[in-house]
Amino acid sequence: MDDAMHADAAPAAAGATLESWDVARIMRAIPHRYPFLLVDRVVEVQRGVSAVGIKNVSINEHYFQGHFPAMAVMPGVLIIESMAQTAAVLVVATLGPEAEGKLVYFMTVENAKFRKPVVPGDQMRVHVRKERHRVNIWKFSAEAKVDGKVVAEATYSAMILDR
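Residues numbered from 1 in each chain as written. Predicted model: local features only at pLDDT ≥ 70, side-chain atom pairs only at ≥ 80, totals over all residues. Heavy atoms only, no water.

Chemist: Run through helix α2 (residues 76–95), naming residues and quoting values.
Modeler: Given 3.6 residues per turn, any residue in an α-helix points the same way as the ones three and four places further on. Its 20 residues place the ends of α2 29 Å apart at the C-alpha level, agreeing with the 28 Å of an ideal helix rising 1.5 Å per residue. With respect to burial, α2 is a largely interior element, 17 of its 20 residues being buried. A positive backbone phi angle near 95° is found at Gly 96, which sits one or two residues after α2. (Helix = DSSP H or I, 4+ residues; strand = E, 2+ residues; numbered from the N terminus. Expected span 1.5 Å × (residues − 1). Buried < 20%, exposed > 50% of the residue type's maximum accessible area, 1.4 Å probe, protein only.)

Structure (structure tokens):
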């Protein structure tokens, strides 16, 4: 592998904007895999502050077989999970390579609102902002957008633990 692929592996200064992360880099950072990896790319990471993830929603997603066959809609809980996975990338970017592969456990989900259905063909952009961080507890706020319009939002907290 060339050094350019690992350029974002070392933590940058707090608040620094890092290069985008492709799916291979995301999979080095978080333990999620198909069919539960719900972030295809992270296009912006501002260390210790925020991240923007992309989920390309395809009719080939396994959950559309049952949710709902006549009117395919991405389940709201999976939109929230996409937010959490984007936040997990932000945590790894903030803490550095020693945080890669750690588990992120939901503790709370608050004020979740779903404004518009997410359907096959949509590109969902997940905007995550760190609200607080104390020891291994992190709190985030997030919005999911399609075509610049908010489709979902939530505030949530998570605990970061070793495997």
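Chemist: Can you lay out the packing of aromatic side chains for me, pointing to particular residues and giving the numbers?
Modeler: Inspection of every chain in the model, using the stated rule, returns four aromatic pairs. With centroids separated by 6.1 Å and ring planes inclined at 5°, the aromatic side chains of Trp 138 and Phe 140 adopt a geometry described as stacked. Of the two residues, Trp 138 and Phe 140, neither departs from the other in class, the shared state being buried. Members of the aromatic cluster, connected to one another through ring pairs, are Phe 106, Trp 138, Phe 140 and Tyr 156. One residue, Arg 25, lies across the ring of Trp 21, its end atom 4.0 Å from the ring centre. (Phe/Tyr/Trp six-rings, centres within 6.5 Å; stacked < 30°, edge-to-face > 60°. Lys NZ or Arg CZ within 6 Å of the ring centre and 35° of its normal.)

Chemist: Requested: an account of the environment of His 32, with residues and values cited.
Modeler: Looking at where His 32 falls in the secondary structure, it is placed in the loop between α1 (23–29) and β2 (41–46). For the pair His 32 and Gly 101, spaced 69 residues apart in the sequence, the C-alpha separation amounts to 8.9 Å. Discounting residues that sit within four places of it in the chain, His 32 has contacts with Met 27, Leu 37, Glu 81 and Gln 85. Within polar-contact distance, the side chain of His 32 engages the side chain of Glu 81 at 3.4 Å. (Contact = heavy atoms within 4.5 Å. Polar contact = N/O pair within 3.5 Å; in protein donor to acceptor, adjacent residues only side chain to side chain.)

Chemist: So what's going on with the nonpolar core? Residues and values would help.
Modeler: Formed by 43 residues in total, the largest nonpolar core has its most connected members in Trp 21, Met 74, Met 83 and Tyr 156. A per-element tally of this core places α2 first, with 12 residues. (Core = buried A, V, L, I, M, F, W, Y, C linked by side-chain atoms within 4.5 Å.)

Chemist: Break down the environment of Glu 143 for me, citing the residues and quoting the values.
Modeler: As for its position among the elements, Glu 143 is in strand β6 (residues 137–146). With 50 residues separating them along the chain, Glu 143 and Ala 93 place their C-alpha atoms 20 Å apart. Leave out the neighbours within four places in its chain, and Glu 143 touches Met 83, Arg 125, Val 126, His 127, Val 150, Ala 152 and Glu 153.

Chemist: Mind laying out the UniProt feature "active site" (unreviewed entry) in the protein, listing which residues take part and the relevant values?
Modeler: Per the UniProt entry, the sites bearing "active site" (unreviewed entry) are His 67 in this numbering. Relative to the helices and strands, His 67 is located in the loop between β3 (50–56) and α2. (UniProt positions renumbered as here; feature names shortened; annotations may be inferred.)

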